[in-house]
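Geometric and topological summary
Single-letter residue listing:
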Amino acid sequence: MIEINLDGQTVSVTEGSMIMHAADKAGTYIPHFCYHKKLSIAANCRMCLVDVEKAPKPMPACATPVTNGMIVRTKSDKAIKAQQSVMEFLLINHPLDCPICDQGGECQLQDLAVGYGGSSSRYEEEKRVVPVKDVGPLISMQEMTRCIHCTRCVRFGQEVAGVMELGMIHRGEHSEITTILNDTVDSEVSGNMIDLCPVGALTSKPFRYSARPWELSRRKSVSPHDSTGANLIVQVKNNRVMRVLPLENDDVNECWLADRDRFSYEALNTDERLTTPMLKQGGEWKPVDWQTALEYVANGLKQIKADHGAKSIGALVSPHSTVEELFLAGKLVRGLGSENIDYRLRNAEFTASEGVRYLGTSVASLSHLQRALVIGSNLRKDHPLFALRLRAANRKGCQISVIHDADNDWAMGIASKVVAPAGQWLQALADVASAIGAETGAQAPGAGQATDSAKAIAKSLLGGERKAILLGNAAAHHASASALLSLANWIGQQTGATVGYLTEAANTVGAQLVGALPGAGGLNAGQMLAGGLKAVLLLNTEPVHDSAARERAAAALNGVDMVITLSPFKANLDFSDVLLPIAPFSETPGTFVNAEGRVQSFHAVVKPLGETRPAWKVLRVLANLMGVSGFEYESAQDVLADARGADNGQALVQGDKLSNATTAGVQPNVQGGVPVTASIYQLDGIVRRAPSLQLTADALATAPKAQGVPA
């Protein structure tokens, strides 16, 4: 540790720190533009000049290392005049268009100009103009004349996103940020550049000119998409979601958001929203009131139960639903006498597991791994924020190995790679186990061969200290998922690596914890989608898009006597008999459990649209109409307390519940086809209906062939 004197205050910081770090620790604000705690130091805006004793001129606080006994003054005349001079230069070419600038009200340049800018300009020459650039449907670069060349966007692409899509060309006042070849910005985390931009050069194209920052109320929430559980600030105006920004949480999403989390809010305001209950009468959809719709459902289910028995009723539920919704759906189905409930719509194997399949480690630990083996995942597109963490680890020397069926570009260094069809992953993993066994002397399971690629992966995993074996969505949905996990567990034991699933959806872990799985004698999702029921409850899911059965699901559900769809959208119109409008995550309180087992509850940020109702309320009333006991809930918090157990104080996630254990003697299914996974912007109903996301290069590239089709 080193001690310096900062504005008369003694501050102790680690050796190698910069003056800016010392100021942050002391709570002293130094004006800056190019500096950002998550990016490398560029020192090109010069706004953070400070007075360092014995230095001949002001020094940039972000790039000046501290020395023992250093005396720094951030508010001396010398420092203030230097900062004022820099501000004058920055404003020379900057257009005075604050009244129409979309950044107005939350602009760093605007704020600092008040404190350090002059009341008039001495500059009388012509101002430079930068041509308009079109870089895609998400980011607007219409006014790049406002750019002050802080290069935050460039460094973010290089260092965090892993793709240098923006760069600077020319010199002096002719410098400009551009895509060089007039390409679009296609990174799956590109929206973070909007947050990083300290001026109005990069703005949100979907949000552009729709509201002023001071008109928006800010409310906390949690992303309902992938398993990161990204923390959100949802900005609202007139009971309408206008914008979504990251809520900083270093343990979860740091200060970043995937574009999927940031821009999917557009779907909440589209004409696709279902706002009133509807019944299909004579082949046509008719709007009805809630009482009519619920009585129709209750009477229909009672009749089907009387005619065919309770086991003819089942529920297919989405892992993007909340803990409360999944718990009540399971409780309702079991209250009717059935065990037919499942969230695993895309799975090809339904072996009962001893524990809950989860990440096996903390999300934050991914940033500090030294070795990683990822099996069956297009990591960058499936889990963009996990990819950021592994990329950060990779920059610090982490060796990453991959077993997958495609040679995807992860925008990071890959040490070893096995590209093989999904049917050969089990053999590839057995080969790695064999190579490890040859090194350690242990008896490896399976009939593996120590190939060169297997030896390379084995050598990597046997080195280093902090290690993880991560199974992706395709591995989780694989026909031999349990056998893959069993081999991964053996490799983890031999190498000291944690073993876990990246997990697909916002509440995959929560769905397991609250038992959204078939009980003894119950049908799994595959069996239910094969037409084994007389009545089906579809909670927040569209089987044609969300299941391994795809189009076959529609044919099977067409033969079911009653299909009840609970959805925020006009979904499943072809085979449903009744549509019940339920609230999306923005209009209901709820809880998600992310990949690491972190329980995160949230509140509704806007009122339900039209006649929409929270799903937990709909399920409660439906149970009451059918005479199912145990549904006397007054709030979502009551439901969560019940889901936690009799002791309302105990945590939903207990240490003994989170376990990637496998059933002994697992027999691999060698007949499995290609695992069905969702492409980046087809993951759930909200993302599928977000107009701007569906115009991105990723969406257009995957739309025609969408996901893998099972054999």
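Values in this document were obtained by computation on a predicted structure and should not be read as measured data. (Residues numbered from 1 in each chain as written. Predicted model: local features only at pLDDT ≥ 70, side-chain atom pairs only at ≥ 80, totals over all residues. Heavy atoms only, no water.)

1. Topic: the overall build of the protein chain
Using the following cut-off: We count a stretch as a helix when DSSP gives it H or I for four or more residues in a row; a strand needs E for two or more, and each element gets its number in order from the N terminus. Using C-alpha atoms as the atom set, the radius of gyration is obtained and then compared with a globule rule of 2.2 Å times the number of residues to the power 0.38. To sort residues, take the accessible area from a 1.4 Å probe on protein chains only and compare it with the maximum for the residue type: under 20% means buried, over 50% means exposed, and anything in between is partly exposed. Between two residues, a contact is recorded if the distance between any of their heavy atoms is within 4.5 Å. Note on areas: Shrake-Rupley, 1.4 Å probe, and residue coverage restricted to the protein chains presented here. Think of it this way: Lys and Arg go in the positive column, Asp and Glu in the negative one, and His and the chain ends go nowhere. Each charge is placed at NZ for Lys, CZ for Arg, CG for Asp and CD for Glu.
Of the regular secondary structure elements, the protein chain holds 22 helices and 27 strands. By the compact-globule yardstick of 27 Å for 711 residues, the protein chain fits well, its C-alpha radius of gyration being 28 Å. When the backbone C-alpha atoms are referred to their principal axes, the protein chain occupies close to 90 × 70 × 50 Å. Burial statistics for the protein chain: of 711 residues in total, 59% are counted as buried. Intrachain contacts of the protein chain at a sequence separation of at least 6 include 71% that bridge at least 24 residues. Element-wise, carbon and sulfur atoms account for 50% of the exposed surface of the protein chain, whose accessible area totals about 27,900 Å². Each charge class in the protein chain can be summarised by its mean position, and for the 66 positive and 72 negative side chains these summaries are 2 Å apart.

2. As for the sheet that holds strand β3 (residues 49–52)
To keep it simple, the criterion reads: Two strands form a pair only when DSSP identifies at least two bridges running between them. Every angle, taken between N-to-C directions, lies between 0 and 180 degrees, and every axis is a line fitted to C-alpha atoms, over only the stretch in contact when it is a helix.
Taken together, the five strands give an open sheet; going across it, the order is β2-β1-β5-β3-β4, and neighbouring strands pair in mixed fashion. A single partner strand is all that each edge strand has here, and the edge strands are β2 (9–13) and β4 (59–60). Lying over the sheet, helix α1 (residues 19–26) contacts β1 (2–6), β2, β3 and β5 (71–73), oriented at roughly 115° with respect to β2.

3. Some points on helix α2 (residues 77–92)
This is how the line gets drawn: Residue count minus one, scaled by 1.5 Å, sets the expected span of a helix.
Helix length check: α2, at 16 residues, gives a terminal C-alpha distance of 23 Å against a target of 22 Å (1.5 Å per residue), a fit within 8%. Buried residues along α2 sit against β3, β5 and α3 (108–116).

4. Side note on the UniProt feature "domain: 4Fe-4S His(Cys)3-ligated-type" (unreviewed entry) in the protein chain
Put simply, the rule reads: UniProt positions are given in the numbering used here, feature names are shortened, and annotations may be inferred rather than shown by experiment.
The positions UniProt marks with the feature "domain: 4Fe-4S His(Cys)3-ligated-type" (unreviewed entry) are residues 78–117. Taken as a whole, residues 78–117 contains 60% helix and 0% strand, while its terminal C-alpha atoms sit 16 Å from one another.

5. Points about the pattern of salt bridges
The test is simple: Only one rule defines a salt bridge in this text: a Lys or Arg side-chain nitrogen within 4 Å of an Asp or Glu carboxyl oxygen.
Counted under the stated rule, the structure contains 36 salt bridges. Close ionic contact of Glu254 with Lys38 constitutes a salt bridge, the shortest N to O distance being 3.1 Å. Highlighted residues: Glu254 in the loop between β13 (240–246) and α6 (259–263) and Lys38 in the loop between α1 and β3, separated in sequence by 216 residues. Overall, the relative accessible area of 27% leaves Lys38 in the partly exposed class. For Glu88, the salt bridge is made with Arg122, and the minimal N-O distance between the two is 2.7 Å. Placement of the pair is Glu88 in helix α2 and Arg122 in the loop between α3 and β6 (133–134), with a sequence separation of 34 residues. Looking at Arg122, the relative accessible area reads 68%, which means it is exposed.

6. Brief notes about the sheet that holds strand β25 (residues 578–581)
In a beta sheet, neighbouring strands are held together by backbone hydrogen bonds and run either parallel or antiparallel to one another. With respect to topology, seven strands assemble into an open sheet ordered β15-β14-β25-β24-β23-β16-β17, the strand pairing being mixed. Both edges of this open sheet fall to β15 (284–287) and β17 (341–342), since each of them pairs with a single strand only. Of the pairings in the sheet, the one linking strand β14 (residues 278–281) to β25 comprises two bridges and is antiparallel in character. Bridging from a neighbouring strand, Leu279 pairs with Val578 of β25.

7. Examining the domain arrangement of the protein chain
Spelled out, the test is: Note that the domain bounds reflect an automated or database-derived domain assignment.
Looking at the assigned domains, one finds that the protein chain contains domain 1 (1–92) and domain 2 (363–501). When each unit is reduced to the centre of its C-alpha atoms, the spacing between domain 1 and domain 2 is 44 Å.

8. What to know about the packing of aromatic side chains
Each aromatic ring pair is described using two quantities: the centre-to-centre distance and the angle formed by the ring planes. As a reminder, the rule being used: Ring pairs are drawn from Phe, Tyr and Trp, using the six-membered ring of Trp, whenever the two centres fall within 6.5 Å, and their geometry is named by plane angle: stacked under 30 degrees, edge-to-face over 60, tilted for the rest.
Following the criterion strictly, the structure yields three aromatic pairs and no others. Consider the rings of Phe156 and Trp256, whose centres lie 5.1 Å apart with planes at 55°: the pair is tilted. Taken together, the residues Phe156 in helix α4 (residues 152–161) and Trp256 in the loop between β13 and α6 connect sequence positions 100 residues apart. Accessibility classification places Phe156 together with Trp256 in one group, the buried group.

9. Description of the packing of α2 against α3
Two numbers describe a pair of packed helices, the interaxial angle and the distance between the axes. The condition is simple: Reported orientations rely on four angle classes, namely roughly parallel under 35 degrees, roughly antiparallel over 145, roughly perpendicular from 65 to 115, and oblique for the rest. Note: crossing handedness is left-handed where the near helix turns anticlockwise from the far helix by less than a right angle, and right-handed where it turns clockwise.
The contact between α2 and α3 brings their axes to 10 Å, and the two run at 130°. Relative to α3, the element α2 lies oblique. The two elements α2 and α3 meet at a crossing, and its hand is left-handed. When α2 is examined against α3, the residues Ile80, Gln83, Gln84, Met87 and Leu91 are found in contact with a partner set consisting of Leu109, Leu112, Ala113 and Tyr116.

10. Thoughts on the environment of Ser85
One can find Ser85 in helix α2. In this structure the C-alpha to C-alpha distance between Ser85 and Gly117, which are 32 residues apart in sequence, comes to 8.4 Å.

11. Structural notes on unusual backbone geometry
Phi angles above zero are rare outside glycine, and Arg46 is one such case at about 65°. By the secondary structure assignment, Arg46 is in the loop between α1 and β3. Owing to a relative accessible area of 35%, Arg46 belongs among the partly exposed residues under this scheme. A positive phi angle, near 55°, is found at Ala411, a position not held by glycine.

12. Thoughts on the UniProt feature "domain: 4Fe-4S Mo/W bis-MGD-type" (unreviewed entry) in the protein chain
As annotated in UniProt, the feature "domain: 4Fe-4S Mo/W bis-MGD-type" (unreviewed entry) corresponds to residues 216–272 in the numbering used here. Between the end C-alpha atoms of residues 216–272 the distance is 24 Å, and the span holds 9% helix and 35% strand.

13. A closer look at the confidence of the model for the protein chain
Under the convention used in this document: pLDDT expresses how confident the predictor is about each individual residue, on a scale running from 0 to 100.
Model confidence for the protein chain is summarised by a mean pLDDT of 93, while 96% of its residues fall at 70 or above. Considering only residues more than four positions removed or in separate chains, one finds that residues 646–650, a stretch of pLDDT under 50, has two contacts. Segment residues 704–711: pLDDT under 50, and 18 contacts once partners within four positions in sequence are set aside and those in other chains are kept.

14. Examining the packing of helix α8 (residues 323–335) against helix α19 (residues 615–625)
We apply this condition: In this classification, Asp, Glu, Lys and Arg are treated as charged, Ala, Val, Leu, Ile, Met, Phe, Trp, Tyr, Cys and Pro as nonpolar, and every other residue, Gly included, as polar.
Running from amino to carboxyl end, α8 crosses α19 at an angle of 15°, the nearest separation of the two axes being 9 Å. Here α8 lies roughly parallel to α19, going by the angle between them. Classified by chirality, the crossing of α19 by α8 is left-handed. Where α8 abuts α19, its residues Glu325, Leu328, Ala329 and Leu332 lie against Ala615, Trp616, Leu619, Leu622 and Ala623. Among the residues making up the contact of α8 with α19, the classes are represented as eight nonpolar, no polar and one charged.

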